[in-house]
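# Examination of the molecular architecture
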Amino acid sequence: MNASTIFFTILHKFDVNKKREDYLEWDEYFMAMAFLAAKRSKDPCTQVGACIVNSNNVIVGIGYNGMPKGCNDDQFPWSKQSQSQLENKYLYVCHAELNAVLNKNQGNLSDCTLYVGLFPCNECAKVIIQSGIKKVMYMSDKHAHKISTIASKKMFDASGVKYIQFTPKKRKIIIDFDEINWNDQSQLPTSPPLDNMSRVMRTLSLNNNRSVQFNDKESVNIGSNFTDANDAIAKKSQEQL
Ligand SMILES: Nc1ccn([C@H]2C[C@H](O)[C@@H](COP(=O)(O)O)O2)c(=O)n1
């Protein structure tokens, strides 16, 4: 790709006068919310999140796998291979889907969609069906061979609950708390550090005074063309090392 093509490709991406194009689509957003909820799970092996959405794309329930209220997760077991069932987590842990349904913030969940990291077990399938949820979007069906999953699918099929494996466009979505500090108008973003090319392009597309603000004191005149700008940025960056 020649320089001018690169310029216009990057320029369009950073054009602050046009609607963003790389925003999350609804399904990606809701599945990401489920995965974010999973970050709250204390399960050392498997962290699962679930997010319930109504027909207006409003989140009406969210949950993750964890011990019931009042059952101290420092005292109840997280093991899974103890000889004694009472010493394993399975008898106690609430699944993400159950918690999402129990945490619901609207009267009923009729016609809602549930987004969940792992395919629901048979016990959660019963809760999902009885709650009125009509669609399940899941990421992983790694336990497809298990009896509990086969039973789930039998009940979903019989009751008309659709289940669809979700394939996201973006395999990774990064949450960078520093991003909110970016100032696109005159000052270059402080995080994440952009390479020179991106800094140049961001500046050329964002303001006409052709200067890159390096910090609250220094700015660099980047000339009027792509090569000058890149050289100026590189020189200043080198000085700052
Ligand atoms: N659909 C599911 C499946 C599993 N979970 C939870 C229940 C446990 O905390 C954990 C599974 O443990 P593993 O056997 O993988 O060590 O995941 C859930 O919440 N929803």
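A brief look at the structure comes next. (Residues numbered from 1 in each chain as written. Predicted model: local features only at pLDDT ≥ 70, side-chain atom pairs only at ≥ 80, totals over all residues. Heavy atoms only, no water.)

With 4 bridges connecting them, strand E4 (residues 135-140) and strand E5 (residues 162-165) associate as parallel partners. Counted as the bridge partner of Lys-135 is Lys-162 from E5. On the question of chirality, the crossover connecting E4 to the parallel E5 by way of helix H5 (residues 147-159) is right-handed. (Pairing = 2+ DSSP bridges. Helix = DSSP H or I, 4+ residues; strand = E, 2+ residues; numbered from the N terminus. Right-handed = clockwise from strand over helix to strand, strands pointing away.)

The next subject is the side chain of Asn-54. With respect to the secondary-structure elements, Asn-54 resides in the loop between strand E1 (49-53) and strand E2 (59-64). Residue contacts for Asn-54: discarding those within four places in its chain leaves Val-60, Gln-106 and Cys-112. (Contact = heavy atoms within 4.5 Å.)

The subject of this paragraph is unusual backbone geometry. Phi angles above zero are rare outside glycine, and Asn-57 is one such case at about 60 degrees. Considering the arrangement of structural elements, one finds Asn-57 in the loop between E1 and E2. Phi is positive for Asp-111, which is not a glycine, with a value near 65 degrees. Note that Asp-111 resides in the loop between helix H3 (96-102) and strand E3 (113-118). The exposure class of Asp-111 is exposed, given its relative accessible area of 52%. (Buried < 20%, exposed > 50% of the residue type's maximum accessible area, 1.4 Å probe, protein only.)

A few words on the site of the ligand. If you check the shell around the ligand, you find 15 residues, and the closest are Asp-43, Thr-46, Lys-80, Tyr-90 and Glu-97. For the ligand, an oxygen atom lies 2.7 Å from a polar atom in the side chain of Lys-80. Calculation on the ligand without its partners gives an accessible area of 460 Å², and the protein chains cover 92% of this total. The site holding the ligand turns out to be the second largest pocket. (Near = heavy atom within 4 Å. Polar contact = N/O pair within 3.5 Å; in protein donor to acceptor, adjacent residues only side chain to side chain. Areas by Shrake-Rupley, 256 points an atom, 1.4 Å probe, with all protein chains shown as cover. 1 Å grid on protein atoms, 1.4 Å probe; cavity = no way out; pocket = protein on both sides within 12 Å on 5 of 7 lines; lining within 4 Å. Sits in = over half its atoms within 2 Å of the grid points.)

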